[in-house]
Amino acid sequence: MNTTDSRKSSTDDVDMKKNSNSTESLPQMQKDVESLEALADVEGSEEKSKQGEKEAEEETIVIPATWKELIRYWFILGWTAFGGPAAHIGMFQKLFVEKLRWCTTLVFTELFMLGQCMPGPTSTQMGFALGVLKKGLPGGLVSGALFQGPGLIILSAIGWALADTLDKDIAWLNGLVSGLAAAGIALIASAAVALNKKINSERLLQIISTVSAVIAFYWPKPWTFPCLILLGGLTTIIFKRHQVVQISKMATGTDGLGFNKLGGGLLLFIWIAVLIGVLVGAGQTSYLDNKELHWFSAFYRTGSIIFGGGQVVLPMLYNDVVAADCPNQQSICCPQDLSANATIYELCSNTDVAQVTPECKCSWMSASQFYAGLAVAQAMPGPLFNFSAFLGAVIAQNANVFAIAGIALCWVGLFAPGIIIIFAILPFWGAFRHWQIYRRALPGLNSAAVGLIITSVFQLTLNAYVSSPFRTTTICIGIAAFGSTEILKVPAPIVVILGGAAGVVAWAIPMQ
């Protein structure tokens, strides 16, 4: 009996020890599991960090371009860059940053920011600047000429030969423009998505971008855009005032900047001197005595003070070439009271005085000629500023002046200020972009610029919807174009061309 009890007691002791060991081992096992999970998290974090470093390293890789490549791609863009200035920015971003890696996202966004802060057409200025970065001053001239050339040639020919024919509503052209606009807006949206992911990496930058987009949409004034960009830079200067900002590989892709600082300063002096000269000259002479000077003065003045690109310049051009203010000539040539919807040109064209003395047409062209040319210009590749070539051709013919003279004066007058300014600013930008205060401002500057791109998506979408002859179909074309470029990775020029074709089909059927 005692032996049995002893054995049972011994067995119970062993079981108790086992249970005790098991109980004690549970916390240890939990700790081991937690340690393994922590180790896995660390390894995963390190892997993500390495992946992020690899992506960052790839982002800073810039591939050199040969002359053959530069000419080839800019020639293609010159003939396929439909959709307006904002769409051009999207095409540049996809081609030169994502596909060819000719430019880093950082440099690309800085160039866009510079264009928004300076007078002139932003997409044109970026076209020249991207060429300068690859092949210096000759590269900038070649890229700019190839980008603008096709639209210039086509619009000059149309304005010269078909001004009277286009002086009416053309349904199929409206359909084409609507399709091109929808596809162009889709490219802008795609660029906004890509830039937002890369630029707005922290909460402060996301707030700056959002606030900029809201304000720019609510107050779409020319001065709003540069002010928002500067305020974005000022915000990050304040929040990062105690930081020493190190930006890896910041100089990547900025080896060639065209002129040196002396040359840039000289260009700025030339721009201002010409502006003062033409304004004074036009003010000292009557329109009838020197029409050509007045044309150049009006377009050069507009090109020197315009911010925000092609869409913003349209009301200013309209005011100059259609609703021209000629009080002295009006009292002589056009004594009738102007009606609310008539222009001086249209009234003078119907008077006996105008038939005897055609130069008495005080307004330089009719409103219908202006809008017909605008519709054609929006359907053409390249910068919207090429519209000035059409205007020059029509204005010259209305004044009985050789068309080429009007084309040259108006086109050069509108483009020259922006081109001069971008060539002048690049050497200074290459220097001050390494300053600490600029580096602190740079994230805010770029985030505000991305906000402006987001704003343009909504602004242009609403405008395209309101002006389209088939509103629902236009939205559908835009959705299909966005999916094509963002998901299916269809090249941007093909997306735009297919969008224009879809617009013509929608007109022909017709669709909603």
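All values reported here derive from a predicted model rather than from experimental measurement.

## Looking at the overall build of the chain
Right, so step 1: Scanning the chain from N- to C-terminus turns up 20 helices and zero strands.
Right, so step 2: Within the chain, the proportion of its 512 residues that are buried is 50%.
Right, so step 3: Put simply, of all contacts in the chain between residues at least 6 apart along the chain, 78% involve residues at least 24 apart.
Right, so step 4: When the accessible surface of the chain is split by element, carbon and sulfur atoms take 64% of a total near 24,600 Å².

## A look at the confidence of the model for the chain
Low-pLDDT portions of the prediction should not be read for the details of their coordinates.
Right, so step 1: In the predicted model, the chain carries a mean pLDDT of 77, and 75% of its residues have values of at least 70.
Right, so step 2: Considering only residues more than four positions removed or in separate chains, one finds that residues 20-24, a stretch of pLDDT under 50, has zero contacts.
Right, so step 3: Between residues 325-361, whose pLDDT stays under 50, and residues either more than four places distant or in other chains, the model counts 49 contacts.

## Observations regarding helix α3 (residues 85-99)
Right, so step 1: With 15 residues, α3 should cover 21 Å at 1.5 Å per step; its first-to-last C-alpha distance of 20 Å lies within 8% of that length.
Right, so step 2: Counting buried residues along α3, twelve of its 15 residues qualify, which places the element largely inside the surrounding structure.
Right, so step 3: For α3, the set of buried residues is Pro 85, Ala 87, His 88, Ile 89, Gly 90, Met 91, Phe 92, Gln 93, Lys 94, Leu 95, Phe 96 and Val 97.
Right, so step 4: Two residues or fewer after α3 comes Arg 101, characterised by a positive phi angle close to 55 degrees.

## Quick word on the nonpolar core
Right, so step 1: Counting residues in hydrophobic clusters, the biggest one holds 117 residues, and the most contacted among them are Leu 111 and Trp 429.
Right, so step 2: Top contributing element to this core by residue count: helix α17 (residues 403-432), with 15 residues.

## Observations regarding the environment of Ile 76
Right, so step 1: Mapping Ile 76 onto the fold places it in helix α2 (residues 67-80).
Right, so step 2: Taking relative accessible area as the criterion, Ile 76 reaches 36% and is therefore assigned partly exposed.
Right, so step 3: On a C-alpha basis, the gap between Ile 76 and Phe 147 in space is 8.4 Å, while along the polypeptide they are 71 residues apart.

## Structural notes on the environment of Leu 95
Right, so step 1: With respect to the secondary-structure elements, Leu 95 resides in helix α3.
Right, so step 2: Taking relative accessible area as the criterion, Leu 95 reaches 14% and is therefore assigned buried.
Right, so step 3: Leu 95 sits 18 residues away from Leu 77 along the chain, and the two C-alpha atoms are 9.8 Å apart.
Right, so step 4: Setting aside residues up to four positions removed in sequence, Leu 95 forms contacts with Tyr 73, Leu 77, Leu 100 and Arg 101.

## Details of the packing of α2 against α3
Right, so step 1: Between α2 and α3, whose axes approach to 12 Å, the crossing angle comes to 155 degrees. Classed by the angle they form, the pair α2 and α3 counts as roughly antiparallel. Handedness of the crossing formed by α2 with α3: right-handed. On α3, the residues that touch Tyr 73, Trp 74, Leu 77 and Thr 80 of α2 are Met 91, Phe 92, Leu 95 and Phe 96.

## Brief notes about a nonpolar patch on the surface
Right, so step 1: A cluster of nonpolar side chains, namely Trp 67, Ile 71, Phe 75, Ile 76 and Trp 79, defines an oily patch on the protein surface of about 470 Å² accessible area.
Right, so step 2: Relative to the assigned elements, Phe 75 resides in helix α2.

## A short note on unusual backbone geometry
Right, so step 1: Positive phi values are uncommon outside glycine, yet Asn 400 reaches one of about 60 degrees.
Right, so step 2: Among the residues examined, Asn 400 registers a relative accessible area of 61% and is labelled exposed.
Right, so step 3: Here Lys 489, not a glycine, exhibits a phi torsion of approximately 60 degrees, which is positive.
Right, so step 4: Mapped onto the secondary structure, Lys 489 falls in the loop between α19 (471-486) and α20 (492-508).

About the cut-offs
- Residues numbered from 1 in each chain as written.
- Predicted model: local features only at pLDDT ≥ 70, side-chain atom pairs only at ≥ 80, totals over all residues.
- Heavy atoms only, no water.
- Helix = DSSP H or I, 4+ residues; strand = E, 2+ residues; numbered from the N terminus.
- Buried < 20%, exposed > 50% of the residue type's maximum accessible area, 1.4 Å probe, protein only.
- Contact = heavy atoms within 4.5 Å.
- Areas by Shrake-Rupley, 256 points an atom, 1.4 Å probe, with all protein chains shown as cover.
- pLDDT = per-residue confidence, 0-100.
- Expected span 1.5 Å × (residues − 1).
- Core = buried A, V, L, I, M, F, W, Y, C linked by side-chain atoms within 4.5 Å.
- Axes fitted to C-alpha atoms, helices over the stretch in contact; angles between N-to-C directions.
- Parallel < 35°, antiparallel > 145°, perpendicular 65-115°, else oblique.
- Left-handed = near helix turned anticlockwise from the far one by under 90°.
- Patch = residues over 30% accessible without salt bridge, like charges linked within 9 Å, V, L, I, M, F, W, Y side chains within 5 Å.
- Salt bridge = Lys/Arg side-chain N within 4 Å of Asp/Glu carboxyl O.

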